[in-house]
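Geometric and topological summary
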Amino acid sequence: MTIVTVERKVLEKNDEIARRNRALFSSKNLFVINLVSSPGSGKTSILERTLEFFNRRVPVAVIEGDVQTDFDAQRIARYQTPVVQIVTNGGCHLDAKLVEDALGSLNLEGIRLLIIENVGNLVCPSNYDLGEAMKVVVASTTEGDDKPLKYPAMFQHASVLIVNKIDLLPYVNCNLEALKANALKINPALRVFETSCTTRSGIAAWCSWLESNLKP
Ligand SMILES: Nc1nc2c(ncn2[C@@H]2O[C@H](COP(=O)(O)OP(=O)(O)O)[C@@H](O)[C@H]2O)c(=O)[nH]1
Ligand SMILES: [Mg+2]
């Protein structure tokens, strides 16, 4: 009983800070996405391919969330992109306060798109609003086609699904149509993209859609 109450208070506090973040993003005309997936699905790779595609034509900033290391921030910094690494020290998700604190170290002047890469985890990040416009969930073909049914909350809370590693379809036990159908069963409103970060298939379609969401 007590645990439930504490959990609710934590989430209420988080939502209050998320509202503050959202107001800040809105005042700066920033489009913000929260990229979520299990570890290794390809979130950082999709970010790299996205930055490469925009080639600095679209000003992007990135917040990286990881349990340990700044490896992902180092990967993003190679694209001359402003990036801040949040290390959660064991924490399994980002929360709105961590993002608010990270924003203090990011110069958002002229930035139009902020991408937050969440900690790799298909469970906890679904509960925490960071102030983003939408959650984008990445599911890779190497994870099989049943994950939307096993982790429904993440797919319910997301607006977009990126099915990544489609180059590996011939080699893995994953039925692409079943994966998409399972995700759409959980959330029929999901917008679906299919990508490969190795062949770059689908990256242009994803980036064009992303760009169409930027505020004037
Ligand atoms: N074959 C293949 N490998 C990929 C693809 N995307 C990412 N990877 C590899 O998957 C591993 C995890 O990718 P990473 O971007 O670090 O995933 P993250 O943990 O979700 O950020 C790396 O070895 C990537 O090179 C893809 O589309 N196809
Ligand atoms: Mg990563």
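Residues numbered from 1 in each chain as written. Chains lettered and ligands numbered in written order. Predicted model: local features only at pLDDT ≥ 70, side-chain atom pairs only at ≥ 80, totals over all residues.

**Re the overall build of the protein**
Our working definition: Numbering of helices and strands starts at the N terminus; helices are DSSP runs of H or I of at least 4 residues and strands are runs of E of at least 2. Computation of the radius of gyration draws on C-alpha atoms alone. For the globule rule, the value is 2.2 Å times the number of residues to the power 0.38. Exposure classification rests on a simple neighbour count of other C-beta atoms within 10 Å of a residue's own: a residue reaching 20 or more is buried, one at 12 or fewer is exposed, and one in between is partly exposed. C-beta atoms are placed from the backbone. C-beta atoms are first placed from the backbone for all residues, and any pair lying within 7 Å is then listed as a contact.
Looking only at helices and strands, one finds eight helices and seven strands in the protein. In terms of C-alpha radius of gyration, the protein reaches 17 Å, essentially the compact-globule figure of 17 Å for 216 residues. The dimensions of the protein, computed from C-alpha atoms along their principal axes, are 50 × 45 × 35 Å. Across the 216 residues of the protein, 40% fall into the buried class. A separation threshold of at least 6 residues defines the contact pool for the protein, and within that pool the share at least 24 residues apart is 76%.

**Overview of the environment of Val 119**
Structurally, Val 119 can be placed in the loop between strand 4 (113-117) and strand 5 (134-140). Between the alpha carbons of Val 119 and Asp 145 there is a distance of 21 Å; along the sequence they are 26 residues apart. Excluding residues within four positions of it along the chain, Val 119 makes contact with Gly 65, Asp 66, Val 67, Thr 88, Cys 92, His 93, Leu 94 and Pro 125.

**Section: the site of ligand 1**
Spelled out, the test is: Defining nearness, a residue is near a molecule or strand when the C-beta atom obtained from its backbone falls within 6 Å of it. In this classification, the charged set is Asp, Glu, Lys and Arg, the nonpolar set is Ala, Val, Leu, Ile, Met, Phe, Trp, Tyr, Cys and Pro, and all remaining amino acids, among them Gly, are polar.
In the vicinity of ligand 1 lie 16 residues, with Gly 42, Lys 43, Thr 44, Ser 45 and Cys 197 positioned nearest. Of the residues contributing to the shell around ligand 1, the split by class is three nonpolar, 10 polar and three charged.

**Focus: the packing of helix 2 (residues 43-54) against helix 8 (residues 203-212)**
Helix-helix packing is characterised by the crossing angle of the two axes and by the distance between the axes. What counts here: For helices, the axis comes from a line fit to the C-alpha atoms of the stretch in contact; other axes are also lines fit to C-alpha atoms, and the angle between any two N-to-C directions lies between 0 and 180 degrees. Angle categories: roughly parallel below 35 degrees, roughly antiparallel above 145, roughly perpendicular from 65 to 115, and oblique for all the rest.
One way to put it is that helix 2 packs onto helix 8 with a least axis distance of 10 Å and a crossing angle of 75°. Relative to helix 8, helix 2 is oriented roughly perpendicular. Residues Arg 49, Thr 50, Phe 53 and Phe 54 of helix 2 form the contact with helix 8, whose participating residues are Ile 203, Ala 204 and Cys 207. A breakdown of the residues in the contact of helix 2 with helix 8 according to their chemical character gives five nonpolar, one polar and one charged.

**Looking at the nonpolar core**
Heads up, the condition is: Each nonpolar core comprises buried Ala, Val, Leu, Ile, Met, Phe, Trp, Tyr and Cys residues, the members being joined through C-beta atoms within 7 Å.
With 51 residues, the main nonpolar core has Ile 115, Ile 116, Val 137, Leu 161 and Ile 162 as its most contacted residues. Ranked by the residues each element gives to this core, the list is headed by strand 1 (residues 31-36), at five residues. If sequence neighbours within four positions are ignored, Ile 116 has contacts with Val 32, Ile 33, Asn 34, Leu 35, Ile 63, Gly 65, Leu 94, Val 99, Leu 130 and Glu 132.

**A short note on the sheet that holds strand 1**
Within a sheet, each strand pairs with its neighbour through backbone hydrogen bonds, oriented either parallel or antiparallel. So the rule is basically this: What makes two strands pair is DSSP finding at least two bridges between them.
Spatially, 3-2-4-1-5-6-7 is the arrangement adopted by the seven strands of the open sheet, whose pairing is parallel. Two strands lie at the open edges of the sheet, namely strand 3 (83-87) and strand 7 (191-194), each paired on one side alone. Strand-to-strand twist across the sheet, computed as the mean angle between neighbouring axes with direction ignored, equals 20°. Pairing analysis gives four bridges linking strand 1 to strand 5, with the strands arranged parallel. For Ile 33, the partnering residue across the bridge sits in strand 5 and is Met 134. Set on the sheet, helix 4 (residues 96-103) makes contact with strand 2 (60-66), strand 3 and strand 4; between it and strand 3 the angle comes to about 140°. Sitting on the sheet, helix 7 (residues 176-186) touches strand 5, strand 6 (160-164) and strand 7, and the angle it makes with strand 6 is about 160°.

**Let's talk about the pairing of strand 1**
Looking along a regular strand, one sees the side chains alternate between the two faces of the sheet. Across the six residues of strand 1, six count as buried, placing the element largely inside the fold. Of the two faces of strand 1, the one carrying Phe 31, Ile 33 and Leu 35 and the one carrying Val 32, Asn 34 and Val 36 are both buried. With five bridges connecting them, strand 1 and strand 4 associate as parallel partners. By the bridge assignment, Phe 31 is partnered in strand 4 with Leu 113.

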